Amino acid sequence: MPEKSVARGQWKSRVGFILAASGSAIGLGNIVFFSANAYRFGGGAFYLPYLIALFVIGIPVMILEFGLGNFTRHAFPGSLSRIAGNKGEFIGWWANVNAAFLTMYYITILGWVLGMLFGSFGALWKTSVAIPAFGLAEGDLANPVAFFFQMLSTWKPVIFVAIIWFFNILIIRKGVETIEPATRIFVPLMWIFMIILIIRGVTLDNGIHGVYLLFTPNFSVMKNPAVWQGAFSQIFFTLSLGMGTMTAYASYLPRKSDVTQNSVITSLLNCGFEYIAGLAIFSILFACAVVPQASTLSMTFFILPRGIGEMPAGVAAFGILFFGLLLLAGLTSSVSLVETVVSSIKDNFGWTRRKTVGIAATVGLIGSACFALPQVVNPGLENDGTLGLTLLDLMDHWVFSYGLLIIGLSECLLIGWVYGVDKIRRYVNSNSRIQLGRWFNVLVKFVIPSLLIYVLAISVWGEFHDGLYGMDYADNYSEGYSFMRSAPIVVFAFWIIACTVGGVILTRKGEFKDHE
Ligand code: PHE
């Protein structure tokens, strides 16, 4: 094992590390995606698959990702290369390209959040504006919807996206040295904002009914494989797994860190936050009689703001609080995504941090700007109104529902079957208070891979059976945008080729050097 990782940055304290790792985990996924998914799968019905996914897959994979980083003191491709050679390194880079796509559109979403935050100070709550581009007259739509699409059909989000990238660069410019102090402020602040929102939500008239919905189990839905697919993807996304992010963060831990306890604490903090966020969101929506039947993005940008808009008092203040919370939570996650890629490139090519961040941010900004393109391709707002949002939706489908799970599966197979899970388990046990028994080997070698293969197979079957994702809404494109009909195929091909070819090229190039 590499022992000479000289001058690699290091977290100053365990609390700092836990705050940063939980800051990565707690993000848009916890606040809005979870609620949207939970509602889609029947509220309480989501509960059990979610908890099973957390304990059977989430925490064990977190132990593997933390363990890898701490054991090898390398970012994802480097650490997988140490344990499984070129095969491993390829998977690491494949994950990195996938992470790069996620970073790009995650930051675009944060750009929109910033726009909505500005809007919360006033414009968002004013009477509906007309949106000629969408053929909408004044008063046609509820305000947040109008405001959101109005904003999306301008170039403003590109500026917002640049601002978000700027903050990301600011926070990661010196690696953990600057990430740690930022998360020390942001993460506690997030909890405070969330607690205020919950108190407001459950004390609204009828708010408590939303809480009941979230906790009323419905076991019949559990026969539906889509619920399991949703729960597994959500667990990977919300815990920042299947990207190598947790490995990158753990590579900055001192040797002899308690990996198991860190994993359990980080996962429980994240999922605790997610559940209480669900309480806040469901109670606000129920109190305001807004049905949360929505995609994750519409939940964020119009369903919830509409709920807030109906509050008896303090609308602007709660709007600012909500979007401010999303921004803080999202920033501590996007920073970890950028760091995932930056640390991999630095480890591999030995570039300075300045150069690596500069190049990564330039490429990233271009990507994020593409997802913010304002051309209105679908005036009916069928699924997605603008070119950027359509591309984002298509890309998110592959990254979220497939990419994370494919990486998680490969990781378990490499560790379980190529390297030997026992070696990792012994390493982790040697510094951890909670000891992992042999059952952990069984989980990593058999149980997790079988579950992941099962849901992946179901999803792939669905693509064949129901048609490739996105094809069904391809008929509504406005004139001049008929080329969009092939967008679902183009985006899919782009994603799979970029990850695979990128993986092959990067595996061949450079070699891992041991420096910061
Ligand atoms: N966990 C983050 C969220 O819930 C998203 C994320 C995924 C961040 C993967 C890093 C890596 O929003």
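Fair warning: this is a prediction, and the values are worked out from it, not measured in the lab.

Caption draft 1: How the structure looks around the overall build of the protein. When helices and strands are counted, the protein shows 17 helices and 0 strands. A compact globule built from 516 residues should have a C-alpha radius of gyration of about 24 Å, and the protein, at 22 Å, falls within 12% of that. Each of the three principal axes of the protein carries a C-alpha extent, and together these read 65 × 45 × 45 Å. For the protein, the residues scored as buried account for 61% of the 516 residues in total. Put simply, 82% of the contacts in the protein that link residues at least 6 apart link residues at least 24 apart. If you sum the accessible surface of the protein, you get close to 18,900 Å²; carbon and sulfur atoms cover 67% of it. Here the protein carries 32 positive and 27 negative side-chain charges, and the mean point of each set is 13 Å from the other.

Caption draft 2: Broad picture of the environment of Gly388. With respect to the secondary-structure elements, Gly388 resides in helix 15 (residues 387-431). Along the primary structure Gly388 and Phe371 are separated by 17 residues, whereas in three dimensions their C-alpha atoms are 3.9 Å apart. Not counting the four nearest positions on each side in its chain, Gly388 is found in contact with Cys370, Phe371, Ala372 and Leu373.

Caption draft 3: A look at the site of the ligand. The full set close to the ligand counts 16 residues, and Ala25, Gly29, Tyr106, Phe237 and Ser240 are the nearest of them. The side chain of Asn30 places a nitrogen or oxygen atom 3.2 Å from an oxygen atom of the ligand. Protein coverage of the free-state accessible area of the ligand, which is 330 Å², stands at 100%. Structurally, the ligand is housed in the largest cavity. Contributions of two or more residues to the shell around the ligand are made by helix 1 (14-25), helix 2 (28-40), helix 4 (76-120), helix 9 (225-238) and helix 13 (315-349). Classifying every residue of the shell around the ligand by side-chain character gives 7 nonpolar, 9 polar and no charged.

Calculation criteria
- Residues numbered from 1 in each chain as written.
- Predicted model: local features only at pLDDT ≥ 70, side-chain atom pairs only at ≥ 80, totals over all residues.
- Heavy atoms only, no water.
- Helix = DSSP H or I, 4+ residues; strand = E, 2+ residues; numbered from the N terminus.
- Rg over C-alpha atoms; globule rule 2.2 N^0.38 Å.
- Buried < 20%, exposed > 50% of the residue type's maximum accessible area, 1.4 Å probe, protein only.
- Contact = heavy atoms within 4.5 Å.
- Areas by Shrake-Rupley, 256 points an atom, 1.4 Å probe, with all protein chains shown as cover.
- Lys, Arg positive; Asp, Glu negative; His and termini not counted.
- Charge placed at Lys NZ, Arg CZ, Asp CG, Glu CD.
- Near = heavy atom within 4 Å.
- Polar contact = N/O pair within 3.5 Å; in protein donor to acceptor, adjacent residues only side chain to side chain.
- 1 Å grid on protein atoms, 1.4 Å probe; cavity = no way out; pocket = protein on both sides within 12 Å on 5 of 7 lines; lining within 4 Å.
- Sits in = over half its atoms within 2 Å of the grid points.
- Nonpolar A, V, L, I, M, F, W, Y, C, P; charged D, E, K, R; others polar.

Any link to function would need more than the numbers given here.
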